[in-house]
Amino acid sequence: MKRKKKLLAMLGVLAVLCVMTLIAGQITVTPSDEDATTAETEEESVAVAAIDAQDVTHLSVESGTQTLALTSTNGEWMNAQDLDFPIDADKVATLLSNLEDVTASRRIDEPEALSEYGLEEPQKTVSVTLSDGSTQTFAFGNQNTLTSETYLLLNGDESSVYLVSTALGDAFSCDP
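Conventions used here
- Residues numbered from 1 in each chain as written.
- Predicted model: local features only at pLDDT ≥ 70, side-chain atom pairs only at ≥ 80, totals over all residues.
- Heavy atoms only, no water.
- Patch = residues over 30% accessible without salt bridge, like charges linked within 9 Å, V, L, I, M, F, W, Y side chains within 5 Å.
- Areas by Shrake-Rupley, 256 points an atom, 1.4 Å probe, with all protein chains shown as cover.
- Salt bridge = Lys/Arg side-chain N within 4 Å of Asp/Glu carboxyl O.
- Lys, Arg positive; Asp, Glu negative; His and termini not counted.
- Charge placed at Lys NZ, Arg CZ, Asp CG, Glu CD.
- Helix = DSSP H or I, 4+ residues; strand = E, 2+ residues; numbered from the N terminus.
- Buried < 20%, exposed > 50% of the residue type's maximum accessible area, 1.4 Å probe, protein only.
- Pairing = 2+ DSSP bridges.

Novice: Honestly, a positive patch on the surface in this entry has me stumped. Any pointers?
Specialist: A surface patch of like charges, here positive, comprises Lys2, Arg3, Lys5 and Lys6. Along the polypeptide, Lys2 turns up in helix H1 (residues 2-28). With relative accessibility at 70%, the residue Lys2 sits in the exposed group.

This is the structure we're talking about:
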């Protein structure tokens with residue numbers, strides 16, 4: 001009889017522990033916690049540039065010895081080096097869409113020498129001239145081995161280096 005009472009008591013305690021575990025799990029994961037996590041992730045990203053594709057009048061991509069230079073005249077894109085070369089406006093629009101909202105995961109203020117980031121001689125440089133005459137230049141350097149992101153220098157401003165998605169630089173790997 002004593003064994004039965006002990007077994008029933010242990011089963012009762014186990015049932016109570018299971019119920020408490022379920023309740024604790026429901027309390028821990030609340031929508032407000034998820035919103036806070038999302039907000040923290042958004043706060044961690046750093047706005048680098050926002051360029052409206054419709055404002056771009058000139059696009060230049062330099063990669064090694066290759067240069068792609070495109071000019072827009074009355075909404076029609078032309079290869080600046082060969083005006084007879086056909087340019088697919090949809091592909092240019094897709095290319096420029098990568099610059100609409102450029103964000104970085106990190107901004108390095110007071111960076112070391114640019115050569116430390118592969119930015120002394122960038123692997124790729126993308127320049128866009130806007131309708132107001134201003135120019136934005138994106139210089140892509142080495143890839144960070146820990147984060148698999150690429151170092152970016154904006155407008156030659158050596159006071160800040162950004163870590164951006166490698167996909168951004170890869171998007172501009174194009175031939176005429």
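Back to the write-up after that little detour.
Novice: Would you take a moment to explain the pairing of strand E9 (residues 149-154) for this structure?
Specialist: Each regular strand shows side chains that alternate between the opposite faces of the sheet. The element E9 is largely enclosed, with a buried count of six among its six residues. Taken together, the four bridges between strand E8 (residues 135-143) and E9 define a ladder with antiparallel strand orientation. Bridge assignment links Phe138 to a residue of E9, and that residue is Leu154. Pairing of E9 with strand E10 (residues 160-165) involves four bridges; the strand directions are antiparallel. Paired with Tyr151 across the bridge in E10 is Leu163.

Novice: I would appreciate a short explanation of the pattern of salt bridges in the present structure.
Specialist: In a structure, side chains of opposite charge can pair up when their charged atoms sit close to one another. Taken as a whole and assessed by the stated rule, the structure comprises one salt bridge. Two residues, Asp109 and Arg107, come together in a salt bridge whose shortest N-O distance is 2.8 Å. By relative accessible area, which is 46% here, Asp109 ends up partly exposed. Here Arg107 falls in the partly exposed class, since its relative accessible area comes to 41%.

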